[in-house]
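Here is how the chains run, residue by residue.
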Amino acid sequence: MSERTVTAHVDLLDAIVEALDLPLPSIGEADEQLYYRLLERRALAVRIIVQINRTVTRDPSVAADAIRTRTAEEPVTYTPFKDEKDGEVR
């Protein structure tokens, strides 16, 4: 496997992690529901993009770009959890 291919596959894996790595929601029920809906939509999008990529282009760079585009279209709209002890979002 060439260095370019390895880099493209690593980029695809990074895009998947970025898409699915959502901040935890606040303890409000509405935020939890929004969190799970967003996670579900992003996971479905990742699965579809990877599946299509495997059967059509087989180019991991194309899939990574598609995942990042789709992720940008589905931003976090809920209130992230904030730890009162240190004031940081988790």
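Our next topic: the packing of aromatic side chains. Here the distance between the centres and the angle between the planes together describe a pair of aromatic rings. Throughout the structure, instances matching the rule amount to two aromatic pairs. Measuring from centroid to centroid gives 4.9 Å for tyrosine 35 and tyrosine 36, while their planes differ by 75°, and the two rings are edge-to-face. Between tyrosine 35 and tyrosine 78 the ring centres are 5.8 Å apart and the planes differ by 85°, which places this aromatic pair in the edge-to-face class. Of the two residues, tyrosine 35 is situated in helix α2 (residues 29-55) and tyrosine 78 in the loop between α3 (60-73) and β1 (82-83); the sequence distance between them amounts to 43 residues. Each member of the pair, tyrosine 35 as well as tyrosine 78, is classed as buried.

Below, the discussion takes up the environment of tyrosine 35. Taking relative accessible area as the criterion, tyrosine 35 reaches 12% and is therefore assigned buried. Expressed as a C-alpha distance, the spacing of tyrosine 35 and leucine 24, which sit eleven residues apart in the sequence, is 7.5 Å. The contact partners of tyrosine 35, leaving out residues within four places of it in the chain, are Leu22, Pro23, Leu24, Pro25 and Tyr78.

Looking now at the side chain of serine 26. Locating serine 26 in the fold gives a position in the loop between α1 (3-20) and α2. There is a polar contact of 2.4 Å between the side chain of serine 26 and the side chain of aspartate 31. Residues within four places of serine 26 in sequence aside, it is in contact with Asp31, Glu32, Thr79, Pro80 and Phe81.

Reading guide: rules and limits
Residues numbered from 1 in each chain as written. Predicted model: local features only at pLDDT ≥ 70, side-chain atom pairs only at ≥ 80, totals over all residues. Heavy atoms only, no water. Phe/Tyr/Trp six-rings, centres within 6.5 Å; stacked < 30°, edge-to-face > 60°. Helix = DSSP H or I, 4+ residues; strand = E, 2+ residues; numbered from the N terminus. Buried < 20%, exposed > 50% of the residue type's maximum accessible area, 1.4 Å probe, protein only. Contact = heavy atoms within 4.5 Å. Polar contact = N/O pair within 3.5 Å; in protein donor to acceptor, adjacent residues only side chain to side chain.

Function cannot be inferred from these measures alone, as they are strictly geometric.
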